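Structural characterization, general
Now for the letters of each chain:
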Amino acid sequence: MKKNLTLFTESYQQQIDMCKIIQVTVEDLPKINELENQLNLNKTKLNFFNQTLLNKNFKFIKLISQKEIIGFLQFSWNKSDCDIISIGVIKKLQKKNYGKKLVEHLKNLNFKNIYAEVSVNNKNAMMFYQRLNFLKIGSRKNYYKKQRSDAILLKLENFISL
């Protein structure tokens, strides 16, 4: 039984490793919007997306498996820090390390700190970031107006080996 589990885990890890991370294009936006809707995330509007293309300190990447978008990550950055604006993975692949792969991509870009903020009501997101060693550094009262909830500010110190 243990051998079968090991083979399954290795096969699954190979699937994750075969995924590609590349920049989102305008043509991808309808698929990204569909994924955002499924995940109850704010929809990225075309106007906003076009503005981000002109901003060198903003990136929007997608996770591709077998030519399908299975996840995405929007982030802004400066010389040393990065802010996760939005991250999502299709529901059937959540909790299977695809989101981790997106965050690992940020870590590999050698930012000193990676920040995120989540609603106190979003328990899945809180667990996701805790598993990746993000620490709570603050909160914002009534930050999410629609949900009437506070935001939790999180930080991951990315210890870069030189």
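These numbers were taken from a predicted model, which means no experiment stands behind them.

To continue, consider the confidence of the model for the protein. When pLDDT is averaged along the protein, the result is 86; 87% of the residues meet or exceed 70. Here residues 1-10 is modelled with pLDDT under 50, and outside its nearest four sequence neighbours on either side it reaches zero contacts, counting other chains as well.

With that settled, the discussion passes to helix α4 (residues 98-108). The set of residues buried in α4 consists of Tyr98, Gly99, Leu102, Val103 and Leu106. Projected down its long axis, α4 shows its buried positions confined to an angular sector of 155 degrees, all on one face.

Before going further, it helps to examine the environment of Arg140. By the element assignment, Arg140 lies in strand β6 (residues 135-144). On the basis of relative accessible area, Arg140 is assigned to the partly exposed category, the value being 36%. Remark: the alpha-carbon pair of Arg140 and Ser119, spanning 21 residues in sequence, is separated by 9.5 Å. Side chain to side chain, Arg140 and Glu117 meet in a polar contact 2.7 Å long.

Ile84, Tyr129 and Phe134 are the most contacted members of the largest nonpolar core, which has 40 residues in total. Listed by contribution, the elements that provide at least two residues to this core are α2 (29-38), β2 (58-65), β3 (68-77), β4 (81-89), α4, β5 (113-119), α5 (123-131) and β7 (149-157). Ignoring any residue separated from it by four or fewer positions in sequence, one finds Tyr129 in contact with Ile84, Ile87, Ala116, Val118, Phe134 and Leu154.

To continue, consider unusual backbone geometry. Even without being a glycine, Gln66 presents a positive backbone phi close to 50 degrees. Looking at the element boundaries, Gln66 is found in the loop between β2 and β3. You will see that Asn97, though not glycine, has its phi angle at about 80 degrees, which is positive. Tracing the backbone shows Asn97 in the loop between β4 and α4. Among the residues examined, Asn97 registers a relative accessible area of 41% and is labelled partly exposed.

A few words on a nonpolar patch on the surface. Together, Val26, Leu46, Leu53 and Leu54 line one region of the surface with nonpolar side chains, adding up to about 390 Å² of accessible area. You can see Leu53 is positioned in helix α3 (residues 46-53).

Calculation rules
Residues numbered from 1 in each chain as written. Predicted model: local features only at pLDDT ≥ 70, side-chain atom pairs only at ≥ 80, totals over all residues. Heavy atoms only, no water. pLDDT = per-residue confidence, 0-100. Contact = heavy atoms within 4.5 Å. Buried < 20%, exposed > 50% of the residue type's maximum accessible area, 1.4 Å probe, protein only. Helix = DSSP H or I, 4+ residues; strand = E, 2+ residues; numbered from the N terminus. Arc of directions from axis to C-beta. Polar contact = N/O pair within 3.5 Å; in protein donor to acceptor, adjacent residues only side chain to side chain. Core = buried A, V, L, I, M, F, W, Y, C linked by side-chain atoms within 4.5 Å. Patch = residues over 30% accessible without salt bridge, like charges linked within 9 Å, V, L, I, M, F, W, Y side chains within 5 Å. Areas by Shrake-Rupley, 256 points an atom, 1.4 Å probe, with all protein chains shown as cover. Salt bridge = Lys/Arg side-chain N within 4 Å of Asp/Glu carboxyl O.

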